[in-house]
Amino acid sequence: MDYPVSADENGVNLKPEKMEKEKLYHCIFKNKAFLIFKDSQDVLNCYEIEQEDLVEQIRKCTHDDELEKLFEGYIEGQNLKN
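**Some thoughts on helix 2 (residues 64–78)**
Given 3.6 residues to a turn, an α-helix orients residues that are three or four positions apart in the same direction.
And then number 1: Here helix 2 spans 21 Å end to end across 15 residues, near enough to the 21 Å set by a 1.5 Å rise per residue.
And then number 2: The set of residues buried in helix 2 consists of D64, L67, L70 and F71. Down the axis, helix 2 shows its buried residues gathered within 105° of arc, on one side only. Turned more than 90 degrees away from the buried face of helix 2 sit K69, E76 and G77, all of them exposed.
And then number 3: Here the buried face of helix 2 lies against strand 3 (25–29), strand 4 (32–38), strand 5 (44–49) and helix 1 (52–59).

Here it is as structure tokens:
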């Protein structure tokens, strides 16, 4: 299956019909990370991250499960659970 989120010189490209519900997808565009997921009601949610060190860590993730582990560790390290 093609990855449903990509970026090119024109911006971020989405293929929501190929996205699984409640799964986190990502891409990098102009040194920003974009996190996208489709919720249980088929609503697309997108978050933009500009923090350079976090964008670099996201850039190194080759699989979505690595991305989820990265954020779990980041949330714990920043004490953001509540």
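So, next bit.
**Digging into helix 1**
And then number 1: Among all positions in helix 1, only L54, V55 and I58 are buried. Along helix 1, the residues classed as buried sweep out an arc of 100° about the axis, all on the same side.
And then number 2: Of the surrounding elements, those touching the buried residues of helix 1 are strand 3, strand 4, strand 5 and helix 2.

Conventions we followed
Residues numbered from 1 in each chain as written. Predicted model: local features only at pLDDT ≥ 70, side-chain atom pairs only at ≥ 80, totals over all residues. Heavy atoms only, no water. Helix = DSSP H or I, 4+ residues; strand = E, 2+ residues; numbered from the N terminus. Expected span 1.5 Å × (residues − 1). Buried < 20%, exposed > 50% of the residue type's maximum accessible area, 1.4 Å probe, protein only. Arc of directions from axis to C-beta. Contact = heavy atoms within 4.5 Å.

Remember, this is a structural readout, not a statement about activity or role.
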